[in-house]
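Listed below, chain by chain, are the residues.
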Amino acid sequence: QVQLVESGGGLVQAGGSLRLSCAASGRTFRNYQMGWFRQAPGKEREFVATISRGGGTAYYADSVKGRFTISRDNAKNTVYLQMNSLRPEDTAVYFCAASRDGLGYLRNKYEYDYWGQGTQVTVSS
C-alpha cells in the first residue's frame, strides 16, 4: 500500500508559478506510475499529467502542455508538478495518484489505485 501526501498549493496571480510535491510512503515507490489530476468546483476530476516509473516518459493534458512539467525523484519517494504561466482556469484541487499496474498514457482516473488528499491551487486574475 502507498500513502500519498501533497503539498505546495496556494494562491498565485495569473502568470505566476507553483511547484506541487507529492510524498509517498513505502519502499516500492519506484514500482508505481504516478499521475496528477485536478478537480474544480462542480466539475469532474480531470487528468493533468503522468510519468513513468523511471521518470523517462511523461504525458500531459493538452490544456497544460508546455506550461506544466511532471518529474519524480525515486530516491526521495516524491513526484513533482512544476506549474508555470498559471491561468485562472487552472484553479482546482490538485491530487496525485499512483498506479500499480498501469503503463503509458494513463489518463483515466480509474487506472490509479491510490490517491492523496489534494492541495488547493487558486489563480487570481
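Up top you'll find the structure we're talking about.
Residues numbered from 1 in each chain as written. Predicted model: local features only at pLDDT ≥ 70, side-chain atom pairs only at ≥ 80, totals over all residues. Heavy atoms only, no water.

Asker: I'd love a proper account of unusual backbone geometry, names of residues and values included.
Answerer: At Asn77, a residue that is not glycine, the phi angle is positive and equals roughly 55 degrees. Among the secondary structure elements, Asn77 is positioned in the loop between strand E7 (68-73) and strand E8 (78-83). Among the residues examined, Asn77 registers a relative accessible area of 16% and is labelled buried. Of note, Ser85 is a non-glycine position whose phi angle comes to about 50 degrees, a positive value. Relative to the helices and strands, Ser85 resides in the loop between E8 and strand E9 (92-99). (Helix = DSSP H or I, 4+ residues; strand = E, 2+ residues; numbered from the N terminus. Buried < 20%, exposed > 50% of the residue type's maximum accessible area, 1.4 Å probe, protein only.)

Asker: Could you give an account of the pattern of salt bridges, naming the residues involved and the relevant values?
Answerer: Using the criterion set out here, one finds seven salt bridges in the structure. In this structure, the salt-bridge partner of Lys65 is Asp62, at a minimum N-O distance of 3.1 Å. Assessed through its relative accessible area of 64%, Asp62 is described here as exposed. For the salt bridge of Asp101 with Arg100, the shortest nitrogen-to-oxygen distance reads 3.8 Å. By relative accessible area, Asp101 is classed as exposed at 61%. Here the salt bridges share partners, and the residues they tie into one network are Arg38, Glu46, Arg67 and Asp90. (Salt bridge = Lys/Arg side-chain N within 4 Å of Asp/Glu carboxyl O.)

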